[in-house]
Amino acid sequence: MKKFAALFLSMAMAMSLASCGSTPAPTSAPASQSNDDPYANLDPVELVGADSTGKGAAGQVFGELVAQKVSEITGGKLTIDYHPNGDLGGDADLLRQMQSNDIQIVVCQTAPVVSFIPEMAVFDLPMVFSKYDGNTIDKVLNGADSQFKTQLSTAYETAGFHLLGFLQNATYRLTTANKNLTDLASFKGLQIRTMENNNHMAFWTAIGAEPTPLAFSELYFALQSGAVDAEENAADTIVGNNFNEVQKYLACTNHILYANQIAINKGAYADLDPAYQEALDQAVNVALAVMRLELTKIDTDNKTTLEKGGMTIINYDNSFFDEILNLQGIKDLYSKIDKEVGGLGTSLQDALAAG
């Protein structure tokens, strides 16, 4: 009996070992899993982004949306630590920090970029976009086959930046004033605050106004005291700074396209894994598509707010823009800018006209 028990135990152990030997060893996740998630084997990366726009302005909303989308696309593997409203400095400070790669991404309007990329002065061509719709302009500024975008992107790379895109939808910088600017003659002698931009100042001079550079922080009080008669900004900026409290008229001069550029440090972009580069490009494109739908509403809503706040809105037809564009001073300014940007002005006008 003892021998039988010993034999039975021996057989049971043998069968158990055989059974264990026939069980497949545990395996790692299928090789295809990493192909389904291109970020699975990548180290997390955090970029720093910033703007200096007013609170709630289109540039801020756009930059924060890009940060949100790139995190969603990569499952939180590529993130942007975003600082809006001048947290990290003004436009020039931010662009310098991006150039040195202390921060990586900057959203700002086009004018401040001229100091770093001279070719960006092409956006100073007054009223060059004023008669075109948002789709036509977007095709020129962001289109994959746009020769103008290719030329401008090269200028960005030379400066140490990588252009990601332009946000616009045919909304513009407008003029607020305490003078009823019904026609071109009305601008004669108008004391208007401008940015310290020679091309912008030359435009106002050419139409008879008297441009005065002034720190933005001083503008409200200068308008309130009558030190200047007028200023120019996009509708959301005008609302955000309560200029309707000290200005009577909103003139839709549409002299400069209200566009925000988004760019990244060239080296920082090159250092990203191609999967992260693609994710960032995708996030920008998604944010552009969403925000373009919002820009017209933002512009319209803010104009309504200004009108309800007591301002009179002045609109112009194409004959007003044509009259200004045919002034010799404006033609001379166009020639000057085109020469300074290496013919990019001509490329832009041709591309817009081609639709």
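Whatever comes next refers back to the structure up there.
(A) Main features of the side chain of Thr171. On the secondary structure map, Thr171 appears in the loop between β4 (161-167) and β5 (172-177). Thr171 sits in the buried class, given a relative accessible area of 4%. Setting aside its immediate chain neighbours within four residues, Thr171 contacts Leu257, Tyr258, Leu295, Thr296 and Asp299.

(B) Region of the structure containing the environment of Gly143. Structurally, Gly143 is set in the loop between α5 (134-142) and α6 (147-158). A C-alpha to C-alpha distance of 19 Å links Gly143 and Ser130, two positions 13 residues apart in sequence.

(C) The arrangement of the layout of surface pockets in detail. In this structure, the largest pocket encloses a volume near 1100 Å³. Lining the largest pocket are 44 residues, and of these Asp91, Gln109, Pro112, Arg193 and Met195 sit closest to its centre. Only α4 (91-99), β3 (105-109), β6 (191-194), α7 (198-206), α9 (235-240) and α13 (328-340) provide two or more residues apiece to the lining of the largest pocket. With four residues, the single largest contributor to the lining of the largest pocket is α9. For the lining of the largest pocket, the class distribution of residues is 17 nonpolar, 18 polar and nine charged. Looking at the second largest pocket, it is lined by 14 residues, and the ones nearest its centre are Asn142, Lys149, Leu164, Gly165 and Asn285. Residue assignment for the lining of the second largest pocket shows that the elements contributing at least two residues are α5, α6, β4 and α11 (274-308). Top contributing element to the lining of the second largest pocket by residue count: α11, with five residues. A breakdown of the residues in the lining of the second largest pocket according to their chemical character gives four nonpolar, five polar and five charged.

Conventions and cut-offs
Residues numbered from 1 in each chain as written. Predicted model: local features only at pLDDT ≥ 70, side-chain atom pairs only at ≥ 80, totals over all residues. Heavy atoms only, no water. Helix = DSSP H or I, 4+ residues; strand = E, 2+ residues; numbered from the N terminus. Buried < 20%, exposed > 50% of the residue type's maximum accessible area, 1.4 Å probe, protein only. Contact = heavy atoms within 4.5 Å. 1 Å grid on protein atoms, 1.4 Å probe; cavity = no way out; pocket = protein on both sides within 12 Å on 5 of 7 lines; lining within 4 Å. Points joined across faces, edges and corners; volume = space filled by probe spheres on them. Nonpolar A, V, L, I, M, F, W, Y, C, P; charged D, E, K, R; others polar.

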